[in-house]
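Chain by chain, the residues:
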Amino acid sequence: MGTILGIAIVIAFIFAAIDGATKPRRRRRRHSRSNDDGDGCLGCLAVFAIFICIWIGLLILNFIKDHSTAFAIGGIILVLIIIVAVIVFKTTQTEEFPEDVEPTYPKISDPKRPQNKQHVSSSQPAKQDPIPFTKEQLSVHPATYEDVVGTIPTAAEMVGKLGEDAVSRAVWAACQFDKRHYKILRNVYVPTIDGYSEIDVLLLHETGIYVFESKNLSGSVYGDEKHPQWQRYKTNGEKGPIPNPILQNKRHIDCLCVFLNQNKYQFRAFSMIIFGNKSKLKYIPENKSLTSIHEICNLEIELVKKMQAEQIFYSAETIDDWCRMLLPYTQLSEEEKRAHIERITKKFGKNQLIR
């Protein structure tokens, strides 16, 4: 009888130890009251439970000697089942919160419920928001297939734009190094008698006017200064003519000189022809003081050298005045640009549009 009572007491202590050990600790220590005392009691209880387990082990050994083996094995299996159940219960139990602090959860808005600040009565239907597009914006995104195809740029136009972007970045970087007053304009449609003359990149600088003609082409390029057309051999072996960029840029400068009402003999303008990195320049004219041909990879350093070698020729006020005169001609409508392309194609042929 005494043995049974001792075992009962031991079992009671075991349950107390398991309950204290498996009770989840509070993770939010900033909201909990002093937990140091509880941790100390829990440690003492754990040590006491270890000694109790050793004593129970000795009792089990004596029990196995005095009783049948099958009964002892059944008891061990029962203890293992209890331990497994306690472990499972401990892992699934949720975290406790302090009684004086309510848990806070992030507010998740319901996507189906409108987030209007003003209260809308149930008798009046809620007004739908207007379409956030104007007529001009809707005209840019037409619905028909033919109109959509018409807005997609061609491969040549995309390649030409990439070349002009690279030229603009190189010119801007060179001007940052030079530190003198300047203005950079892109796609300037200089008015002429029969239309426009398009300049890819225009630099208004104190040392002069720099007119850039971008040719982002691939393959080998052959030509001279006076012939109206140059020859281009593509990488796939195809041969085709391209307009002479020297004469092409000379026309741009002449139109710009007339538009700015300047004397052509006193108008300091530099013609700079820029080819892409995939172009192989062979048998082309040598560079002169007012006309030069460069690769895009060398444009920045060559432009810096050019500006450093020149003296100030135009004042900052003159540059600003010319910029105000030319700025409206960089903002032509799409209809005017298409009309310009059609005029160039009709007058000079399709090869004149090669960039």
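Look up: the structure comes first, before these words.
Residues numbered from 1 in each chain as written. Predicted model: local features only at pLDDT ≥ 70, side-chain atom pairs only at ≥ 80, totals over all residues. Heavy atoms only, no water.

Chemist: Please explain the sheet that holds strand E8 (residues 279–281) as it appears in this structure.
Modeler: Sheet strands pair via backbone hydrogen bonds, and the direction of the pair is either parallel or antiparallel. Reading across from one edge, E6-E5-E4-E8 is the order of the four strands in this open sheet, with mixed pairing throughout. For this open sheet the edge positions go to strand E6 (239–243) and E8, each flanked by a neighbour on one side alone. For this sheet, the mean inter-axis angle between neighbouring strands, taken without regard to orientation, is 30°. Note: strand E5 (residues 229–233) against E6, five bridges, orientation antiparallel. (Pairing = 2+ DSSP bridges. Helix = DSSP H or I, 4+ residues; strand = E, 2+ residues; numbered from the N terminus. Axes fitted to C-alpha atoms, helices over the stretch in contact; angles between N-to-C directions.)

Chemist: Looking at this structure, I do not really get helix H9 (residues 316–326). What am I missing?
Modeler: Residues spaced three or four apart along an α-helix point in a common direction, a consequence of the helix completing one turn every 3.6 residues. Within H9, the full set of buried residues consists of Ile319, Trp322, Cys323 and Leu326. Down the axis of H9, the buried set is contained in an arc of 105°. They therefore lie on one face. Turned more than 90 degrees away from the buried face of H9, the exposed residues are Glu317 and Arg324. On its buried face, H9 sits against strand E1 (182–191), strand E2 (196–205), strand E3 (208–215) and helix H7 (245–259). (Buried < 20%, exposed > 50% of the residue type's maximum accessible area, 1.4 Å probe, protein only. Arc of directions from axis to C-beta. Contact = heavy atoms within 4.5 Å.)

Chemist: Explanation requested: the pairing of strand E7 (residues 269–275) in the structure shown.
Modeler: Two faces, one strand: in a regular strand the side chains alternate between the faces of the sheet. Where burial is concerned, most of E7 is hidden: seven out of the seven residues are buried. Side-chain alternation along E7 places Ala269, Ser271, Ile273 and Phe275 on one buried face and Phe270, Met272 and Ile274 on a second face that is also buried. Across seven bridges, E3 lies against E7 in parallel orientation. Considered in E7, the bridge of Ser214 is made with Ile274. Sheet analysis places E7 next to strand E9 (residues 291–295), joined by five bridges and oriented parallel. Looking at the pairing, Ile273 lines up with Ile293 of E9.

Chemist: What's the story with the sheet that holds E3 in this structure? I'm lost.
Modeler: Overall, mixed pairing links the five strands, which are arranged E1-E2-E3-E7-E9 in an open sheet. Looking at which strands have only one partner, the edges of the open sheet turn out to be E1 and E9. Pairs of neighbouring strands in the sheet enclose a mean axial angle of 30°, with direction left out of account. Lying on the sheet, H7 is in contact with E1, E2, E3, E7 and E9; it crosses E3 at an angle near 140°. Packed on one face of the sheet, helix H8 (residues 299–309) meets E2, E3, E7 and E9 and runs near 160° to E3.

Chemist: What am I meant to see in the environment of Ser289 here?
Modeler: Note on placement: Ser289 falls in the loop between E8 and E9. The exposed category is assigned to Ser289, whose relative accessible area is 52%. Distance in space between the C-alpha atoms of Ser289 and Ser271 is 9.2 Å, their sequence separation being 18 residues. Among all residues touching Ser289, those that are not within four sequence positions of it are Phe270 and Lys306.

Chemist: Explain the packing of aromatic side chains to me, please; I cannot follow it from the model alone.
Modeler: Between two aromatic rings, the relevant description is the distance of the centres plus the angle of the planes. Under the definition given, this model contains seven aromatic pairs. Plain terms: the ring middles of Phe313 and Tyr314 are 4.9 Å apart, the flat faces sit at 85° to each other, and that makes the pair edge-to-face. Overall, the relative accessible area of 39% leaves Phe313 in the partly exposed class. An aromatic cluster is present here, built from Phe267, Phe313, Tyr314 and Trp322 joined pairwise through their rings. (Phe/Tyr/Trp six-rings, centres within 6.5 Å; stacked < 30°, edge-to-face > 60°.)

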